[in-house]
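Coordinates in review
So the chains spell out like this:
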Amino acid sequence: MQKTVSLTVNGRPVSATVEGRTLLVQLLREQLGLTGTHVGCDTSQCGACVVHVDGEAVKSCTLLALQAEGRSVLTIEGVATGDTLHPMQEAFRNNHALQCGFCTPGMVMSALDLVKNNPNPTEREVREYLEGNLCRCTGYHTIVLAILEGAAVMRGEAPPANVHGAAAE
Amino acid sequence: MYEFNYHKPASLDEIANLLAANDEAKLLAGGMTLLPTLKQRLARPSDLIDLAAITSLRGITDAGDAIVIGAMTRHAEVNRSPVVKQGLPALAAMAGMIGDPAVRNRGTIGGSISNNDPAADYPSALVALNATVHTTKREIAADNFFTGMFETALEPAEIVTAVRFPKLQIANYQKFRNPASRYAIVGVFVARFPNAVRVAVTGAGPVVFRVPEMEAALTQNFSPDAIKDITIKEDGLNSDIHASAEYRAHLVGVMARRAVAACG
Ligand SMILES: Cc1cc2nc3c(=O)[nH]c(=O)nc-3n(C[C@H](O)[C@H](O)[C@H](O)COP(=O)(O)OP(=O)(O)OC[C@H]3O[C@@H](n4cnc5c(N)ncnc54)[C@H](O)[C@@H]3O)c2cc1C
Ligand code: FES
Ligand code: FES
């Protein structure tokens, strides 16, 4: 069954023809060419596919494209402003919070969701919020530091010392 | 996933008609259980009927001495609701332990109880708190709602509309989580009412169950010591790669004592 779905993606209105079973992540990656959102598992557990729908973090591998009808979707491609990275992306770069980078788009989207609900999270709260985001490379340590730094910069504070003991540029 | 027809009807009547006309159709709530099942091709519904447009199924109502939670209310909303935090803090805390933040932004109370996974958290809360399930046809006491593994008292084409919980301050849920799936290996919900205590266990058996010996002992003396000698038989309990039946039986005692201690 083919249907038309209309939604907003990174601020732009989009329409596409999808099947009932088309997942939001398939629409984003295969039809809209937005391959920043990754698919890491088939079991809704890894969080590589996290995007925001109407401002909330969801797993785009576990949402039908048709369920996003009329909604506003934000993917990792919509986070930076032109060539200027978002402070949370900059904090990931500054703290070496990625190795292969596969989990990173989902990590950044989850981090932004956390900071929206809790602008000044503790390290423990950051770790708890990342329960649904798996990273095979970093051991999470630098990801947690990056999120604490990104949150501080988003609050307008000076960034805390990073993994190398240096303040962010 | 096999292909299906997707519908998003605007009224419950329309949904009931679609369901009644087609046994191969299935309701879609948050999709956090149903879509992974379809992705694994473990089910092949002809039609998915999305409940998302039915606004009457959403939201949390303060009903004096009770709280009514609409079937499509998501775990994150229950976790953050001032009404639930104030009137039934143990339930708000439990909702915050389900899965992870993205799962809690989609998964619903109606979907969780209709699915009745043996390791789900909500069934223990409904049974311990003596909640009532409201459907499109009737009201069902929680004690009679959860009938077996992935089985409930719901009839075909019957839709959960809401759950009504009494307000209660002295209650606590302790969950021994599977660290990978985040479901309960064993979860125990203890609720202390003015004249009685109810203890409900999830994760340990094929379906949520109460522990009458613990309830009687705690009604006499509400302290962890009162139940320290009560043992749970391992017969009929779940045994899998995560935990043996014997280990689960042991955990029921440990989690129950922790829950009573946490009630203060
Ligand atoms: C990674 C992950 C971790 C999870 N961890 C936990 C956990 O720790 N604890 C836990 O309890 N759960 C956990 N879950 C499950 C989660 O809570 C689901 O939200 C829940 O089990 C199903 O709710 P849903 O709204 O997503 O329902 P759906 O998946 O949409 O539906 C589930 C079933 O219920 C039926 N249904 C839905 N709504 C109704 C209704 N109103 N009336 C009648 N039938 C209905 C559907 O037809 C379907 O058969 C986890 C899920 C994931 C993906
Ligand atoms: S790809 Fe969506 S959770 Fe793993
Ligand atoms: S950086 Fe490789 S999975 Fe996280």
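In this text the structure is predicted, and so the values were computed from the model without any measurement. (Residues numbered from 1 in each chain as written. Chains lettered and ligands numbered in written order. Predicted model: local features only at pLDDT ≥ 70, side-chain atom pairs only at ≥ 80, totals over all residues. Heavy atoms only, no water.)

1. Some words on the overall build of chain B
Here is the rule we go by: Strands are runs of DSSP state E lasting at least 2 residues, helices are runs of H or I lasting at least 4, and numbering of each runs from the N terminus. Each radius of gyration reported is based on C-alpha atoms, and the globular scaling rule is 2.2 Å times the count of residues to the power 0.38. Exposure is judged per residue with a 1.4 Å probe applied to protein chains only, and the accessible area is read against the type maximum: over 50% gives exposed, under 20% gives buried, and values in between give partly exposed. Whether two residues are in contact is decided by their heavy atoms, any of which lying within 4.5 Å being enough. Methods summary: accessible areas were calculated by the Shrake-Rupley approach with a probe of 1.4 Å, and residue burial reflects only the protein chains presented. Just so you know, the count uses Lys and Arg for positive and Asp and Glu for negative, and it drops His and the chain ends. In this description, the location of a charge corresponds to atom NZ of lysine, CZ of arginine, CG of aspartate or CD of glutamate.
Within chain B, the regular secondary structure consists of 11 helices and 14 strands. At 18 Å, chain B has a C-alpha radius of gyration in line with the 18 Å of a compact globule built from 264 residues. Buried positions account for 55% of the 264 residues belonging to chain B. For chain B, restricting intrachain contacts to residue pairs at least 6 apart in sequence, the fraction spanning at least 24 positions comes to 58%. Surface exposure of chain B reaches about 11,000 Å², of which carbon and sulfur atoms provide 49%. Across chain B, 26 positive and 26 negative side-chain charges occur, with their mean positions spaced 7 Å apart.

2. Observations concerning the domain arrangement of chain B
All names here are of chain B. Basically, it comes down to this: Note that domain bounds follow an automatic or database assignment of domains. Here the quantity called buried area is the accessible surface, traced with a 1.4 Å probe, that two parts lose on coming together, added over both. In this classification, Asp, Glu, Lys and Arg are treated as charged, Ala, Val, Leu, Ile, Met, Phe, Trp, Tyr, Cys and Pro as nonpolar, and every other residue, Gly included, as polar.
Structurally, chain B comprises domain 1 (5-50), domain 2 (57-166) and domain 3 (171-262). Distance between the C-alpha centres of domain 1 and domain 2: 20 Å. Facing the 10 residues of domain 1 at the interface are 12 residues of domain 2. Of all residues in domain 1, the largest losses of buried area upon contact with domain 2 belong to Leu12, Ala29 and Met32, amounting jointly to 52% of the total for that side. A class-by-class count of the residues in the side of domain 1 that touches domain 2 yields eight nonpolar, two polar and no charged.

3. Looking at the interface of chain B and chain A
As a reminder, the rule being used: Put simply, a salt bridge is a Lys or Arg side-chain nitrogen that is within 4 Å of an Asp or Glu carboxyl oxygen.
Contacts between the two partners involve 29 residues from chain B and, on the opposite side, 25 residues from chain A. Carbon and sulfur atoms make up 50% of the area that chain B and chain A hide from each other, which totals about 2,500 Å². Per-residue buried area on chain B facing chain A is highest for Glu3, Tyr6 and Lys39 of chain B; these three make up 26% of the total on that side. There are four salt bridges connecting chain B and chain A. Among the salt bridges present, the one from glutamate 3 of chain B reaches arginine 21 of chain A, with a minimum N-O distance of 3.9 Å. Contributing elements (two or more residues each) for the side of chain B that touches chain A: strand 1 (5-7), helix 2 (34-39), strand 3 (47-50) and helix 6 (101-104) of chain B. Classifying every residue of the side of chain B that touches chain A by side-chain character gives 14 nonpolar, five polar and 10 charged.

4. Points about the environment of glycine 47 of chain A
All names here are of chain A. For glycine 47, the position within the fold is in the loop between helix 1 (24-31) and strand 3 (50-53). For glycine 47, a relative accessible area of 2% gives the class buried. The spatial distance from the C-alpha of glycine 47 to the C-alpha of glutamate 131 is 9.0 Å, given a sequence separation of 84 residues. Residues in contact with glycine 47, not counting those within four places in the same chain, are Lys59, Gly106, Gly132 and Asn133.

5. Considering the sheet that holds strand 2 (residues 12-19) of chain A
Residue and element names in this part refer to chain A. Here is the rule we go by: In this scheme, strands are said to pair when DSSP sees at least two bridges between them. Only the stretch in contact is used when fitting a helix axis, every axis being a line fitted to C-alpha atoms; angles between N-to-C directions are given from 0 to 180 degrees.
Spatially, five strands are ordered 2-1-5-3-4 in an open sheet, and the strand pairing comes out mixed. Lying at the two open borders of the sheet, with one neighbouring strand each, are strand 2 and strand 4 (56-59). Taken over all neighbouring pairs, the strand axes of this sheet differ in orientation by 40 degrees on average, direction set aside. When strand 1 (residues 2-9) meets strand 5 (residues 72-74), the two strands line up parallel, connected through two bridges. Its bridge partner being in strand 5, threonine 8 is matched across the sheet by serine 72. The strands touched by helix 1 within the sheet are strand 1, strand 2, strand 3 and strand 5, with strand 2 carrying the most contacts at an inclination of about 110 degrees.

6. Points about the sheet that holds strand 3 of chain B
All names here are of chain B. A sheet is described by the order of its strands in space; here three strands give the open sequence 1-3-2, paired in parallel fashion. Of all strands in the sheet, those with a lone pairing partner are strand 1 and strand 2 (25-28), marking the two edges. In this sheet, neighbouring strand axes are inclined to one another by 25 degrees on average, regardless of whether the strands run parallel or antiparallel. As judged from the four bridges shared by strand 2 and strand 3, these two strands associate in the parallel manner. Bridged to alanine 25 within strand 3 is aspartate 47. Of the strands in this sheet, strand 1, strand 2 and strand 3 are in contact with helix 1 (residues 12-21), which crosses strand 3 at around 160 degrees.

7. Regarding the confidence of the model for chain B
Spelled out, the test is: In predicted models, pLDDT denotes the confidence assigned by the predictor to each residue on a 0 to 100 scale.
Of the residues in chain B, 100% have a pLDDT of 70 or more, and the chain-wide mean is 97. In the predicted assembly, ipTM is 0.94 and pTM is 0.96.

8. Some details on the domain arrangement of chain A
Residue and element names in this part refer to chain A. Basically, it comes down to this: Nitrogen and oxygen atoms within 3.5 Å of one another constitute a polar contact, given that in protein one can donate a hydrogen and the other can accept it, and given that sequence-neighbouring residues count only through two side-chain atoms.
Taken domain by domain, chain A holds domain 1 (2-78) and domain 2 (87-154). With 18 residues of domain 1 at the interface, the matching set in domain 2 holds 14 residues. Taking both sides of the interface into account, the surface hidden between domain 1 and domain 2 amounts to around 1,200 Å²; carbon and sulfur atoms contribute 60%. Summed over the three residues of domain 1 that lose the most area to domain 2, namely His38, His52 and Ile76, the buried surface amounts to 38% of that side. Linking domain 1 with domain 2 are seven residue pairs in polar contact (both at pLDDT 80 or more). Mapped by element, the contributors of at least two residues to the side of domain 1 that touches domain 2 are strand 3 and strand 4. Each residue belonging to the side of domain 1 that touches domain 2 can be placed in one class, and the counts come to eight nonpolar, eight polar and two charged.

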